[in-house]
Amino acid sequence: NDAGGIYLNQPNADGTPSALVLQGGTITRNNAANTGGGIYSNKGALEMTGGTISKNTVTNYGAGMYLRTTTAKITGGVIDANVSGKDGGGLWVTVSTELTMTDCVFRNNHSDMKGGAIGCYGNIDMTDCYGVKTAGTYCNFHIIIPFGK
């Protein structure tokens with residue numbers, strides 16, 4: 001019920017995190033019954049450079065991406081038109097996740113409850129990211145967001 005598009009789960013046999021490197025491209029029009037419409041990552045390492053996560057849907061959390069106990073770096077990406085039935089239309093970031101974002105755009109994301117752009121209980125550091133027609137963030141932990149570029 002997790003991951004409509006990409007499913008990154010659990011460490012490798014040698015104990016190193018499962019890893020995904022995305023360079024450009026589009027992850028679009030995926031649906032998950034529970035979490036992670038576009039990308040679901042649990043105990044993984046994710047790096048995204050450029051590209052678009054768009055038009056993904058999820059019943060619960062993280063329509064664009066659901067990041068749990070994950071180290072992630074997103075540079076120059078677009079998170080667009082993702083829809084969550086609960087929290088985190090664009091992204092849902094859970095406890096023990098470290099996310100760094102640079103030069104990113106959140107556009108037209110929606111959640112029925114909290115965090116149209118981002119819902120989080122993890123740590124996020126954002127630089128030069130901005131939102132367009134997206135209803136804000138909801139976070140209980142550390143977040144640095146200089147929105148409004």
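These lines cover the structure that appears in this document, whether it is placed above or below.

Calculation notes
Residues numbered from 1 in each chain as written. Predicted model: local features only at pLDDT ≥ 70, side-chain atom pairs only at ≥ 80, totals over all residues. Heavy atoms only, no water. Pairing = 2+ DSSP bridges. Helix = DSSP H or I, 4+ residues; strand = E, 2+ residues; numbered from the N terminus. Buried < 20%, exposed > 50% of the residue type's maximum accessible area, 1.4 Å probe, protein only. Contact = heavy atoms within 4.5 Å. Core = buried A, V, L, I, M, F, W, Y, C linked by side-chain atoms within 4.5 Å. Disulfide = S-S within 2.5 Å. Phe/Tyr/Trp six-rings, centres within 6.5 Å; stacked < 30°, edge-to-face > 60°.

## Structural notes on the sheet that holds strand β16 (residues 110-111)
The strand order β4-β8-β12-β16 describes an open sheet built from 4 strands, whose pairing is parallel. Bordering the open sheet on either side are β4 (31-32) and β16, each of which pairs with just one other strand. Where strand β12 (residues 83-84) and β16 come together, 2 bridges link them in parallel fashion. Residue valine 83 lies in a different strand from β16, and its bridge partner there is histidine 110.

## Let's talk about the side chain of serine 54
Within the secondary structure layout, serine 54 lies in strand β7 (residues 52-54). Exposure remark for serine 54: the relative accessible area of 7% places this residue in the buried category. If we skip the residues at most four places from it in the chain, serine 54 touches Thr26, Ile27, Thr28, Arg29, Asp80 and Asn82.

## Focus on the nonpolar core
The biggest cluster of nonpolar side chains holds 25 residues, and the ones touching the most others in it are Met65, Leu91, Leu99, Met101, Phe106, Ile118 and Met126. Of all the secondary structure elements, the ones that give two or more residues to this core are β2 (18-23), β6 (44-49), β9 (65-68), β10 (71-75), β13 (91-93), β14 (98-102), β17 (118-120) and β18 (123-127). Discounting chain neighbours no more than four positions away, the residues touching methionine 101 are Ile74, Leu91, Phe106, Asp125, Met126, Thr127 and Cys129.

## Describing the pairing of β10
Of the two faces of β10, the one holding Ala72 and Ile74 is buried and the one holding Thr71, Lys73 and Thr75 is not buried anywhere. With 5 bridges connecting them, β6 and β10 associate as parallel partners. Residue pairing across strands places methionine 48 opposite isoleucine 74, the latter belonging to β10. Looking at chain direction, β10 and β14 are connected through 5 bridges and run parallel. Bridge pairing links alanine 72 to leucine 99 in β14.

## Some points on the state of the cysteines
Inspection of the entire model under this criterion finds 1 disulfide. With a sulfur-sulfur separation of 2.0 Å, cysteine 104 is cross-linked through a disulfide to cysteine 129. Looking along the S-S bond of the cysteine 104-cysteine 129 disulfide, the torsion reads about 110 degrees, which is the right-handed sense. Pair noted here: cysteine 104 is in the loop between β14 and β15 (105-107) and cysteine 129 is in the loop between β18 and β19 (130-132), with a separation of 25 residues, a long-range link. There is no split in this pair, since cysteine 104 and cysteine 129 are both buried.

## Digging into unusual backbone geometry
Its identity is not glycine, yet alanine 3 carries a phi of approximately 70 degrees, on the positive side. Secondary-structure assignment places alanine 3 in the segment before β1 (6-9).

## Structural notes on the packing of aromatic side chains
The way to describe two aromatic rings as a pair is by their centre distance and the angle between their planes. All told, the structure shown has 4 aromatic pairs when counted by the stated rule. Between tyrosine 7 and tyrosine 40, the aromatic rings sit 5.3 Å apart at their centres with planes inclined by 15 degrees, giving stacked as the arrangement. In this pair, tyrosine 7 sits in strand β1 while tyrosine 40 sits in strand β5 (residues 39-42), placing the two residues 33 residues apart along the sequence. By relative accessible area, which is 5% here, tyrosine 40 ends up buried. Ring centres 5.5 Å apart and planes at 65 degrees place the aromatic pair tryptophan 92 and tyrosine 121 in the edge-to-face group. In this pair, tryptophan 92 sits in strand β13 while tyrosine 121 sits in the loop between β17 and β18, placing the two residues 29 residues apart along the sequence. Owing to a relative accessible area of 26%, tyrosine 121 belongs among the partly exposed residues under this scheme. Aromatic ring contacts, followed pair by pair, group Tyr7, Tyr40 and Tyr66 into a single cluster.

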